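One-letter residues, chain by chain:
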Amino acid sequence: MAPVATSTTSSKDASRDVFDSIESQFRLSEDKLHEIVEQFLEDFRLGLSEYNHPMAMIPTFVTGVPNGSETGTFLALDLGGTNLRVCEVKLLGNHEFTLRQQKYKVSDALKTGEASVLFDYLADSVDAFLTTPSGSPTTAAQNPFAGSSAIDEINPDVDPALPLGLTFSFPVEQTALNQGKILTWTKGFSAKNAIGNDVVQLLQDAFNRKHLHVRCVALVNDTVGALLSRAYTAGGCILGAIFGTGTNGAYVEKVQNISKLGDAPVRQNGGDMVINAEWGAFNNTRSVLPTTAFDNKLDRESINPRFQAFEKFISGMYLGEITRNILLSLIDAAPKPLLFSGSSSSVLNAHYGIDTAIMSEVEAAWESGRPKDVSLKAVEGGHDPIDNTSAPEVPARANGVIESHHFADVDKASPEDQDRLERIRGIVIQQLGIDPSNVSLRDAAIVRWAVALVADRAAKLSACAVATVLIQTGRAKLGGGVKPEEDHVVVGVDGSLIEHYPNYNTHLRASLRGLVGEEVESRVDIGMAKDGSGVGAALCALQAIKQGL
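Residues numbered from 1 in each chain as written. Predicted model: local features only at pLDDT ≥ 70, side-chain atom pairs only at ≥ 80, totals over all residues. Heavy atoms only, no water.

## Some remarks on unusual backbone geometry
At the junction of Ala-334 and Pro-335, the peptide bond is cis and its omega measures out at 10 degrees in the coordinates. Phi at Phe-340 is positive, roughly 55 degrees, even though this residue is not glycine. Relative to the elements of secondary structure, Phe-340 occurs in the loop between helix 10 (316–331) and helix 11 (346–349). Here Phe-340 falls in the buried class, since its relative accessible area comes to 0%. (Helix = DSSP H or I, 4+ residues; strand = E, 2+ residues; numbered from the N terminus. Buried < 20%, exposed > 50% of the residue type's maximum accessible area, 1.4 Å probe, protein only.)

Below is the structure:
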């Protein structure tokens, strides 16, 4: 059994003041969410009209969105984090595809060393993939383009190089479908002598140094890839969004609105173009983002202080660290600690010691067995980690389950909630390494509360980004009142938060409904983009071939 936490009335009131103060900093009012969306729209318009803004609104020069009928076989290289992938993608032409892939580890030394060494490693990985007996997609005698009506005009005897699409999940300034200068590194990368150089040329130079018959024909951000992948499987898509380790969005914009392209031929041709928003850098000045001392500490100690502000509020890389900062502040509270009797652990004391996966485990334990929310659509292709198979279905309620007492009044909790808190207590002991004698059920409730505060805020801020795209493309109005022409507005998503985190989608959708109205929100179909970074790169390579690159 968990130890019983006791406190006097005066100390309980004082502690509640601390908890209430923290909670008030994380709770977002409807007016605040509206203010954030209004700033988002302003930054969208600014980024579309001028270069060199934090939210870069990068033209991708992808002017065609697939409909699922395309066919062909292509290579894809996906660099976006700890691992890189080499893929062979076969588009089957019926909204389906096959994928063969191999992952390769990217060491910290490669992430922070010379760029030429990093790109040589990428080329070596492609070479290993192609020369593995069970892994070669073609042989010298085979035509890799056979049966592809889109690219039958290519003669492999004249150009034997295999076409490859590169998913590069870092900010670039793209000047063509196969050209893009690296703007900055994120996600722990800081390779030297890369920023300002063309990433496609860096990779092609590495292929040439290795004498590989591979040609990088397309550069695609993973978010653009998510959009294209979802479009291929769903027959269309207006937004691709990443809610995982990092965050970003790409959407279909009218070319006429991208005024910073000036008189470029692509703008004179009209039509649509996919824009890579790079919304992780939204509001770097933090003029509207709901910044707390816990966010400031995270930012100050990060590898990129004052950059990627929005990402630091909502992405999986940072949510655990924000939660850790809250817990430490309660452990260190004076004159009397408010958590774990003032004790800590090596896990809690370590920078980024709490992984977002631990938060997910806590949330799943708390929500297990609760009624399912049926008034809001689930993510198509997502996975529900909550065990509520025996619970009845009920309409949604604001901020999840409504509690009749303060969260810290554990003695007033129902027997079912006390059982849930016992499970959370076990998670705290096992995952955070806190001595069991210092973890009461009240401590477990406090951990659950902190986790929920951070995750709920992240989901609501994510909804602001989705709402901004709906409004920017004329499918919604802030506050509601617009009926989209489409019966279904398709959004493709990828990332561990949106796919696996308990109730993330539910809280996102509830917030989205408040921002754009039920008429619009109910038509938004959010679905997982099947391997956006691999298939999306292949679809971009196809587009490049169509455009004669």
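## Examining helix 6 (residues 222–234)
Helix length check: helix 6 (13 residues) gives 18 Å between terminal C-alpha atoms against 18 Å at 1.5 Å per residue, within 8%. Burial analysis of helix 6 places 11 of its 13 residues in the buried class, the great majority of the element. Within helix 6 the residues assigned to the buried category are Asp-222, Thr-223, Val-224, Gly-225, Ala-226, Leu-227, Leu-228, Ser-229, Arg-230, Ala-231 and Tyr-232. Put simply, Asn-221 is the residue that caps the front of helix 6, since its side-chain oxygen is 2.7 Å from the backbone nitrogen of Thr-223. Two residues or fewer past helix 6, Gly-235 is found with a positive phi of approximately 85 degrees. (Expected span 1.5 Å × (residues − 1). Polar contact = N/O pair within 3.5 Å; in protein donor to acceptor, adjacent residues only side chain to side chain.)

## Some words on the sheet that holds strand 8 (residues 214–220)
An order of 4-3-2-5-8 is seen for the five strands of this open sheet, with the pairing classed as mixed. The strands lining the two open edges of the sheet, one partner per strand, are strand 4 (97–105) and strand 8. Strand-to-strand twist in this sheet, taken as the mean axis angle between neighbours without regard to direction, amounts to 25 degrees. Sheet strands touched by helix 6: strand 3 (83–92), strand 4, strand 5 (162–168) and strand 8. Its angle to strand 8, the strand with the most contacts, is close to 90 degrees. Together, strand 2 (71–79), strand 3, strand 4, strand 5 and strand 8 form the strand contacts of helix 18 (residues 532–546), whose direction differs from that of strand 8 by roughly 110 degrees. (Pairing = 2+ DSSP bridges. Axes fitted to C-alpha atoms, helices over the stretch in contact; angles between N-to-C directions. Contact = heavy atoms within 4.5 Å.)

## Overview of the pattern of salt bridges
Evaluated as defined, the whole model comprises 28 salt bridges. Notably, a salt bridge pairs Asp-124 with Lys-210, separated by 3.3 Å at the nearest N-O pair. Note that Asp-124 is positioned in helix 4 (residues 115–131) and Lys-210 in the loop between helix 5 (199–209) and strand 8, a separation of 86 residues in sequence. One salt bridge connects Arg-230 with Glu-380, and the closest N-O pair in it is separated by 3.3 Å. Placement of the pair is Arg-230 in helix 6 and Glu-380 in the loop between strand 12 (372–373) and strand 13 (393–394), with a sequence separation of 150 residues. On the basis of relative accessible area, Arg-230 is assigned to the buried category, the value being 5%. (Salt bridge = Lys/Arg side-chain N within 4 Å of Asp/Glu carboxyl O.)

## Notes on the packing of helix 4 against helix 5
Direction vectors running N to C along helix 4 and helix 5 enclose 60 degrees, while the axes themselves pass 8 Å from each other. Judged by the inter-axis angle, helix 4 sits oblique to helix 5. Crossing handedness for the pair helix 4 and helix 5: right-handed. Residues Ser-116, Phe-119, Asp-120, Leu-122, Ala-123 and Val-126 of helix 4 form the contact with helix 5, whose participating residues are Val-199, Leu-202, Leu-203, Ala-206, Phe-207 and Arg-209. Of the residues in the contact of helix 4 with helix 5, the class split is nine nonpolar, one polar and two charged. (Parallel < 35°, antiparallel > 145°, perpendicular 65-115°, else oblique. Left-handed = near helix turned anticlockwise from the far one by under 90°. Nonpolar A, V, L, I, M, F, W, Y, C, P; charged D, E, K, R; others polar.)

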